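Residue strings, one per chain:
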Amino acid sequence: TLKISNGNFITTSSRVGKEFNTEENKQAIVNVINDKTYSDVNLKVNTIDPKVSTSMVKSVNSLLSEHTTSFNQKLEGRSKNIKVSSDRISDVLLMPGEVFSYNKQTGIRTISNGYFNAPVIVNGKLEDAPGGGVCQTSTTLYNAVLYSGLKINSVSNHSITSSYAPRGKDAMVNDSGTDFKFSNPYNHPVYIKSIVNNGK
């Protein structure tokens, strides 16, 4: 694992795992019973290489890109939604070839899933609904991804210009299927960190 906190890289080392080979061991036991030898059975245990190795984690050592947007902290529901969505996309290790889905990472925008009512754009107009503000987080991430060399798989713009990004440089998301997705084309992992602090 990898986590970056206050500029420090905090890592844990990978370990080779062990897996009981159920099918081969089952057959070996059945053979002993059928042969009526009743001898010891040497059970087979497979070694499993970790999906994320120590060397992969250690390869994360340089900043690909970063982006910042600002928001009005006085808009309480919106501010809380930005914080919730930011926390949910942070500390993600995106492996080579892996696709990042903003909607999957942040979850459905409902009160029960930790979101708050705030203005959202619906058919070109502002309406109060759970999750208002999450598009600012997706937009901030989108602009960082634009300059990182990561591959953008899908992105959509709002029907009206956002206050926090130039027209065409925003990333609209909703629970109806509009998602912001990108993938890692590199042969090393990419670490995603998102921080909300003082209206940024």
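Preceding this paragraph is the structure being described.
Residues numbered from 1 in each chain as written. Predicted model: local features only at pLDDT ≥ 70, side-chain atom pairs only at ≥ 80, totals over all residues. Heavy atoms only, no water.

Visitor: Can you lay out the sheet that holds strand β10 (residues 181-183) for me, pointing to particular residues and giving the numbers?
Guide: The strand order across the open sheet built from 3 strands is β6-β10-β9, with neighbouring strands paired in antiparallel fashion. Lying at the two open borders of the sheet, with one neighbouring strand each, are β6 (99-101) and β9 (151-154). Ignoring strand direction, the axes of neighbouring strands in this sheet form an average angle of 25 degrees. Sheet topology places β9 next to β10; 3 bridges connect them, and they run antiparallel. Across the sheet, the residue bridging to Ser154 is Lys181, located in β10. Most of the contacts of helix α5 (residues 134-146) go to β9, to which it runs at about 140 degrees, and overall it touches β6, β9 and β10. (Pairing = 2+ DSSP bridges. Helix = DSSP H or I, 4+ residues; strand = E, 2+ residues; numbered from the N terminus. Axes fitted to C-alpha atoms, helices over the stretch in contact; angles between N-to-C directions. Contact = heavy atoms within 4.5 Å.)

Visitor: Give a description of the packing of aromatic side chains that names residues and reports values.
Guide: This model, assessed by the stated rule, comprises 3 aromatic pairs. Here the aromatic rings of Phe100 and Phe182 are separated by 4.7 Å at their centres, their planes lie at 20 degrees, and the arrangement is stacked. Highlighted residues: Phe100 in strand β6 and Phe182 in strand β10, separated in sequence by 82 residues. On the basis of relative accessibility, which here comes to 0%, the residue Phe182 falls in the buried class. (Phe/Tyr/Trp six-rings, centres within 6.5 Å; stacked < 30°, edge-to-face > 60°. Buried < 20%, exposed > 50% of the residue type's maximum accessible area, 1.4 Å probe, protein only.)

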